[in-house]
Amino acid sequence: MSNVVARSVSLQCMRLSALSLACSALVACGGGDSSPTITTGGSNTAPSGSYNSSTGQITSANSVTSFTPTALTSALTQNPSLSPLGAMFGTPRCGVDVRQVQYTTVGGAGESTTASTAVLVPTGDATCTGARPVVLYAHGTTLDKNYNMAALNDSSDAGYTESLMTAALYAAQGYIVVAPNYAGYAGSSLSYHPYLNRAQQSQDMLDGLKAARQHLVNTAATATDSGKLFITGYSQGGYVALATARLMQDKQLPVTAVAPMSGPYGVAAMGDMIFYGRVTVGATAFTPLLVNSYQHAYGNIVTNNMLNPMYSGADTLFPSATSFAQVVSSNRLPVSAMFQTGPTGNATIDSLPAVDSLYSYGFDASKYLVSNDYRAAYLSDAQANPDQLYPTRTNYGLTAVAPKNTLRQAFKTNDLREVFAPVNNVANSAPAMPILFCAGNRDMTVPYQPNTGAMGAIFAGLANHFAMSYASVDMDSGTVTSSGLSSAADNAVRTSAATEQQLFTGAFNPMLAASPAALQNYHGMLAPFCATTARAFFAQF
């Protein structure tokens, strides 16, 4: 195994740990910018997810473990990923009771199933009990079917570190945390995970919240729901948080504030980027998870010619109890190559510009995931029915109007750009709750421009016409853009972002100077710095 491939395996394993998440994607889009005229007329035809109000029923509940503030501090100190960050999170002032609640929900095709959620309840003095705000937390991408945000009694669980960070940031500071594990994980009866399925994932989150709230009532917990609800998450969790906020707004359910972080909101633009040739490390892990999700939801994604024959069946590999490294070592997936190294003999593919050497690991002469025939067909549709963000930005940078490729259709259905963008002059496109975006512009796993950058551009346009409040933080440069926030909230975001940006770049830049490969770990390293700023934002409401 070459050094490059060996490093790729190592990086894959790190990426799939608790703090390194999400949909693989590429670097920034190019092109110009033009903005349409927005009017405030029209009826509410903004896209929204459906919601089955009969779900969210508790099927079981149990107490998992509990921490005193001292015990939680000890757990943080002993965790190698979090121990250097203890000062950022703050000294725990509350104990934490950890419960796990199983509830009814739906799968990607609307089928009945179950999922579970962690419920982290603060304990202690009057600052930790009584009426407390709720944080609805969406976790990041994992391939591990057993991933459990309630497993704070088991440091070997893949969800342990992310759950411990969430407990330290929120529950130990007096917030009730509801952290759904999602359908397909942690004892769920669903055989797959509806990854980046906007309608299902937002429904799942609401079901977990509904069950958790009922559990708190049933158990007469000393900490009770104050009615304030904050929604946040990182990477896949950022996408899920924003989708959930959209659904709750459509259903007129109250949300106090939202902080999506480094999410793949522009999933359709990222899909096109990948097929055009900008492939990041992680694509071969996340693509099977995504294809499996959309195949179950729509039934028309997988074709006979989609995959390189040597990786037949790869689309059903995840989530699994088998690790990515084990799958690669058994030759069921390539380590990092999505496509064949050119020239391929296919005119559509070979007419593309030469691949930037930065993405050379996304290609291999024989061990590549996607067949040339499928890639060429996808590209032909992308060229005939282009995304309005990539490769050339037009209008608000929305999705392709009428894609014909079924995977591109699935991307369009689940892309969050059109959910908030002013379609048909709909005033309800504007978010009703304050929103904070946080990401970093050097992220190679979930790139800034087609995601946080695109949403920021959409929101900036909306803010010129509708009453709304939002901020967007580039944690790499420390740049903060905001509109409509109170002076207290705006100051809190800017102060926290300045502090966290210095801490993040102070830790990351020396690593990058020592090894360019460190850039591939950027996404996972950024998570706690954005999360700390999100908490500062929430504290203003």
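The structure contained in this document is the topic of the report that follows.

Calculation criteria
- Residues numbered from 1 in each chain as written.
- Predicted model: local features only at pLDDT ≥ 70, side-chain atom pairs only at ≥ 80, totals over all residues.
- Heavy atoms only, no water.
- Helix = DSSP H or I, 4+ residues; strand = E, 2+ residues; numbered from the N terminus.
- Buried < 20%, exposed > 50% of the residue type's maximum accessible area, 1.4 Å probe, protein only.
- Contact = heavy atoms within 4.5 Å.
- Areas by Shrake-Rupley, 256 points an atom, 1.4 Å probe, with all protein chains shown as cover.
- Phe/Tyr/Trp six-rings, centres within 6.5 Å; stacked < 30°, edge-to-face > 60°.
- Arc of directions from axis to C-beta.

Topic: the overall build of the chain
Looking only at helices and strands, the chain features 16 helices and twelve strands. With 541 residues in all, the chain has 61% of them scored as buried. For the chain, restricting intrachain contacts to residue pairs at least 6 apart in sequence, the fraction spanning at least 24 positions comes to 79%. Carbon and sulfur atoms make up 52% of the accessible area of the chain, which amounts to about 18,300 Å² in all.

Focus on the environment of Asp97
Position of Asp97 among the secondary structure elements: in strand β2 (residues 95-106). Accessibility expressed as a relative area gives 23% for Asp97, which makes it partly exposed. Separated by 22 residues in sequence, Asp97 and Val119 place their C-alpha atoms 8.1 Å apart. Beyond its immediate stretch of four places on either side in the chain, Asp97 contacts Thr65, Ser66, Val119, Leu120, Val121 and Thr123.

Notes on the packing of aromatic side chains
This structure, assessed with the given rule, holds 21 aromatic pairs. The interplanar angle of 45° and the centroid separation of 6.0 Å between the aromatic rings of Phe339 and Phe363 together place this pair among those described as tilted. Of the two residues, Phe339 is situated in strand β8 (residues 339-340) and Phe363 in strand β9 (residues 363-364); the sequence distance between them amounts to 24 residues. In terms of burial, Phe339 and Phe363 fall into one category: buried.

Topic: helix α2 (residues 69-78)
Within the span of α2, buried status applies to Leu72, Ala75 and Leu76. The buried residues of α2 all sit within an arc of 100° when viewed along its axis, so they share a single face. Seen from the open side of α2, the exposed residues pointing more than 90 degrees away from its buried face are Thr70, Thr77 and Gln78. Buried positions along α2 lie against β1 (58-67), α3 (86-89), β2 and α4 (160-169).

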